[in-house]
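Summary of structural features
Each chain is listed here by its residues.
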Amino acid sequence: MPRSQPDSGSQWRDQILDHLNRCDRFVFVVSEHANASVFCAFEAGMAVALEKNIHLVSIDGTSPPSHLQAIQAIDVKRLQARKPWLTH
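Quantities reported herein were computed from a predicted structural model and do not represent experimental measurements.

A separate point is the overall build of the protein chain. Within the protein chain, the secondary structure is distributed over four helices and three strands. When the helices and strands of the protein chain are placed in sequence order, the string is α-β-α-α-β-β-α. Along the first, second and third principal axes, the C-alpha atoms of the protein chain reach 45 × 30 × 25 Å. Expressed as a percentage of contacts within the protein chain between residues at least 6 apart in sequence, the contacts between residues at least 24 apart total 52%. Counting only carbon and sulfur atoms, one obtains 53% of the accessible surface of the protein chain, whose full area is about 6,800 Å².

Glancing now at the environment of Asp-14. Position of Asp-14 relative to the elements: it lies in helix H1 (residues 12-22). The exposure class assigned to Asp-14 is partly exposed, which follows from its relative accessible area of 45%. On a C-alpha basis, the gap between Asp-14 and Ser-31 in space is 24 Å, while along the polypeptide they are 17 residues apart.

Reading the values: the criteria
Residues numbered from 1 in each chain as written. Predicted model: local features only at pLDDT ≥ 70, side-chain atom pairs only at ≥ 80, totals over all residues. Heavy atoms only, no water. Helix = DSSP H or I, 4+ residues; strand = E, 2+ residues; numbered from the N terminus. Contact = heavy atoms within 4.5 Å. Areas by Shrake-Rupley, 256 points an atom, 1.4 Å probe, with all protein chains shown as cover. Buried < 20%, exposed > 50% of the residue type's maximum accessible area, 1.4 Å probe, protein only.

Next up, the structure:
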């Protein structure tokens, strides 16, 4: 079922919480930019607080933020170095 676009003026926080409450698992795409984002930190922190099944995928070799470092991550750059036939 397609999702509707959020209404102008709606709060991102409410949208994030709504989607997190309905999801079975949370995939955090780790990157230098994601780690610098306040919204990404909020979303990941809420996933932890809601005890979601969390999966980490590092796309640029960046380590996860400190509150997620206890979770094993997939490191795409390392994986591509070991298996060069994998592409983006």
